[in-house]
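# Per-entry structural report
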Amino acid sequence: MTTSLLPPEQGDKVSDLTDPASDEVSSENEANPPCVLVFNASDPSGAGGLACDAVAIASVGAHMLPVVTGAYVRDTAEIFDHFPFDEEAVAEQARTILEDVEVQLIKVGFVGSPENLSTVAETATDYPEIPVVAYMPNLSWWEDAQIEAYLDAFRELVLPQTTVLVGNHSTLWRWLLPDWAGERPPSARDIARAAGEVGVPYTLVTGMVLPDQYFDNVLASPQSVLASEKYERLDAVFAGAGDTLSGALAALLASGTDLAAAATEALSYMDRCLDAGFRPGMGHVLPDRLFWAQPEEDAENEASASPADFALPPHDTRH
């Protein structure tokens, strides 16, 4: 089954004499990469947030339009705090760019406050033809009262506007099925049904524990499983995997890839990012979202070139 989230054709716009000729506009639009409007926070570690989105989205061929919703205080090991932007600042960023650029998809990451969630929901309501990919991260670093208020607002305001919800199995389970009493953990379809009750047609559930050190990742609707990909568990603790996956998924969907294929490709991209992960600090391993850009190893060239050949000159400035 092919599930496309984008309309087959964009509606024609009435032009005046100051507009470029219609065939020129059409040709230019076809040459442009698809644009993804992203609501997310600044992350100084580069593990997640807008830094992650920018690289992941560009890596699969789309252009990110970043709306800064706040800033984390964090390192590569943990999140210490978050400072949200005022909702008016967030709304003005989104409104201004949407009046200028044709957007194919909206991605929602962590926006920091119920007020900013209201701004996101209003934006999505004003542009109902644009699909929304929403990612729910682990919020256990936050105060309980803040978590509860944020999740309640997300459920009430953003989920009814969401086309695809992305999240880790344990995170979505605790949020959407807090009273689960089954003898087994809820399946991806159980979680998708819970999300469907508030209007979400598709849910991508990651990190479902399987025997023999494997994880399952399942794209489901309330009615059926659309795609499933199993990957071996890597022996490292990562930061930024969820933002990487949701960013890649958003870009692929914006480019017109059907939903099941986009989910499969985004999961493969995330797995390869994790496999090539690196540890820039003393904390967690970060996904290498540019693994594909690394040069292939060449033993002959490595032998002939010494590190000094490529060293930067010393910084001789004195103050």
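In case you missed it, the structure is sitting above this.
Residues numbered from 1 in each chain as written. Predicted model: local features only at pLDDT ≥ 70, side-chain atom pairs only at ≥ 80, totals over all residues. Heavy atoms only, no water.

## Regarding unusual backbone geometry
As a rule of thumb, non-glycine residues mostly have phi less than zero, and peptide bonds are mostly trans rather than cis. Phi at Asp212 is positive, roughly 60°, even though this residue is not glycine. Within the fold, Asp212 resides in the loop between strand S7 (202-210) and strand S8 (214-220). Within the chain, Gln213 stands out as a residue other than glycine whose phi angle is a positive 65°. Checked against the element boundaries, Gln213 lands in the loop between S7 and S8. (Helix = DSSP H or I, 4+ residues; strand = E, 2+ residues; numbered from the N terminus.)

## Topic: the packing of helix H8 (residues 241-254) against helix H9 (residues 259-275)
Interaxial distance between H8 and H9 falls to 8 Å at its minimum, and their mutual angle equals 140°. When the interaxial angle is binned, H8 and H9 end up oblique. Once H8 is placed against H9, the crossing between them reads as right-handed. Of the residues in H9, those touching H8 at Ala241, Thr244, Leu245, Ala248, Leu249, Leu252 and Leu253 are Leu259, Ala262, Ala263, Glu265, Ala266, Leu267, Tyr269, Met270, Cys273 and Leu274. Among the residues making up the contact of H8 with H9, the classes are represented as 15 nonpolar, one polar and one charged. (Axes fitted to C-alpha atoms, helices over the stretch in contact; angles between N-to-C directions. Parallel < 35°, antiparallel > 145°, perpendicular 65-115°, else oblique. Left-handed = near helix turned anticlockwise from the far one by under 90°. Contact = heavy atoms within 4.5 Å. Nonpolar A, V, L, I, M, F, W, Y, C, P; charged D, E, K, R; others polar.)

## Observations regarding the side chain of Thr203
Structurally, Thr203 is set in strand S7. The contact partners of Thr203, leaving out residues within four places of it in the chain, are Leu165, Leu172, Ile191, Ala192, Ala195, Val218, Leu219 and Ala220.

## Description of the packing of aromatic side chains
This structure, assessed with the given rule, holds 10 aromatic pairs. An angle of 65° between the planes, with centres 6.1 Å apart, marks the rings of Tyr72 and Trp141 as edge-to-face. Of the two residues, Tyr72 is situated in strand S2 (residues 63-74) and Trp141 in the loop between strand S5 (132-136) and helix H5 (144-158); the sequence distance between them amounts to 69 residues. Given the relative accessible area of 11%, Tyr72 is considered buried. Taking the relative accessible area as the measure of exposure, Trp141 reaches 21% and is therefore partly exposed. (Phe/Tyr/Trp six-rings, centres within 6.5 Å; stacked < 30°, edge-to-face > 60°. Buried < 20%, exposed > 50% of the residue type's maximum accessible area, 1.4 Å probe, protein only.)

Remember that the coordinates give geometry; whether it matters functionally is a separate question.
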